[in-house]
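Results of the structural survey
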Amino acid sequence: MSDDPTPADSKLTSSKRRWAAEGKFLTGRISRPEAERLPPGQHLVKNWPVLDLGQQPVISTDSWRLEVRGLVETTLTLTWVDFQAIEQSTRVSDIHCVTTWSRYDNNWKGVSTRDLLDRAMPRPEAAYVMLTSYDGYTTNLPLSDFAAEDAILATSWEGLPLTADHGGPMRLVVPHLYFWKSAKWLRRIEILAADEAGFWEKNGYHMYGDPWREQRYSDD
Ligand SMILES: Nc1nc2c(c(=O)[nH]1)N[C@H]1C(S)=C(S)[C@@H](COP(=O)(O)O)O[C@H]1N2
Ligand SMILES: [Mo]
């Protein structure tokens, strides 16, 4: 009687099973009535404004790397070629910026955060994520929000490569939180046990940032 499945398969399967049991992904896509599509205090725009700290790093895909580290079974350092070899996904989502503009129906393509996490496999105590970008920007969010069904590591917008001003070659998109959580020019994903404040969170913005609860500032 033999039960030795391939080690890689059994490891991945047990990690997925464990996450499912812990309900890690249950905060996924939040379906809302159309009337609640626009969060309070927001107005719609048709253009796509650019907001950042004022210096937009230019990263060639040759020198680009993405690191996943911290509380994971497997630390990753991915090249652009490695990243493109991961299953590609598409998502359509709305943007809600804390500066009160929202933009509907953005078409993204890239790697779903879940597919990336399947490769790194967060440990049982993993609960938060700290993101670090090529411009030095940082932002934090719970792991379950990072792993939401809608969340994507986007390399393309509306069928074209993501432009450098919007975070190309790759940015995160987590549409159910204010857009400051969606790190442009993402370089490092660190998986943590406890929440830590990123750049705007240290400067008065909310630790979580739910647009429907108007969690703009730390005392909201
Ligand atoms: N690396 C990095 N990511 C960032 C920022 C930044 O300054 N640096 N600004 C955030 C803020 S405050 C917003 S509103 C969005 C803006 O994205 P956009 O310029 O593509 O509209 O990016 C977020 N991600
Ligand atoms: Mo912002």
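Residues numbered from 1 in each chain as written. Chains lettered and ligands numbered in written order. Predicted model: local features only at pLDDT ≥ 70, side-chain atom pairs only at ≥ 80, totals over all residues. Heavy atoms only, no water.

**Quick notes on the packing of aromatic side chains**
Inspection of every chain in the model, using the stated rule, returns twelve aromatic pairs. With a centroid separation of 6.3 Å and an interplanar angle of 80°, the aromatic rings of W101 and F179 are classed as edge-to-face. Of this pair, W101 sits in strand β5 (residues 101-112) while F179 sits in the loop between β10 (171-173) and β11 (186-192); the two residues are 78 residues apart in sequence, bridging distant segments of the chain. For the residue pair W101 and F179, the accessibility class agrees, reading buried in each case. Site record: aromatic cluster; members linked through ring pairs are Y137, Y178, W180, F199, W200, Y205 and Y217. Note that R37 overlies the ring of Y104, its terminal NZ or CZ placed 3.8 Å from the centroid. (Phe/Tyr/Trp six-rings, centres within 6.5 Å; stacked < 30°, edge-to-face > 60°. Helix = DSSP H or I, 4+ residues; strand = E, 2+ residues; numbered from the N terminus. Buried < 20%, exposed > 50% of the residue type's maximum accessible area, 1.4 Å probe, protein only. Lys NZ or Arg CZ within 6 Å of the ring centre and 35° of its normal.)

**Points about the site of ligand 1**
Near ligand 1 there are 20 residues, and of these P49, D135, H166, R171 and K184 occur at the shortest range. Contact between ligand 1 and P49: an oxygen atom at 2.7 Å from a main-chain N or O atom of the residue. Measuring from a nitrogen atom of ligand 1, one finds a backbone N or O atom of S182 at 3.1 Å. Protein contact buries 98% of the 530 Å² of open area that ligand 1 shows by itself. Looking at the shell around ligand 1 residue by residue, the classes come out as 13 nonpolar, three polar and four charged. (Near = heavy atom within 4 Å. Polar contact = N/O pair within 3.5 Å; in protein donor to acceptor, adjacent residues only side chain to side chain. Areas by Shrake-Rupley, 256 points an atom, 1.4 Å probe, with all protein chains shown as cover. Nonpolar A, V, L, I, M, F, W, Y, C, P; charged D, E, K, R; others polar.)

**Regarding the pairing of strand β2 (residues 65-70)**
As defined by bridge partners, β2 adjoins strand β3 (residues 76-79) across four bridges and the pair is classed as antiparallel. Counted as the bridge partner of E67 is T77 from β3. Two successive antiparallel strands, β2 and β3, enclose a turn made up of five residues. Inspection of the sheet shows β2 paired to β11 by four bridges, in the parallel sense. Looking at β11, one finds that G70 is bridged to I191. (Pairing = 2+ DSSP bridges.)

**What to know about the confidence of the model for the protein chain**
Predicted confidence across the protein chain gives a mean pLDDT of 91, with 86% of residues reaching 70 or more. This stretch, residues 1-8, has a pLDDT under 50; its non-local contacts, to residues over four places away or in other chains, come to one contact. (pLDDT = per-residue confidence, 0-100. Contact = heavy atoms within 4.5 Å.)

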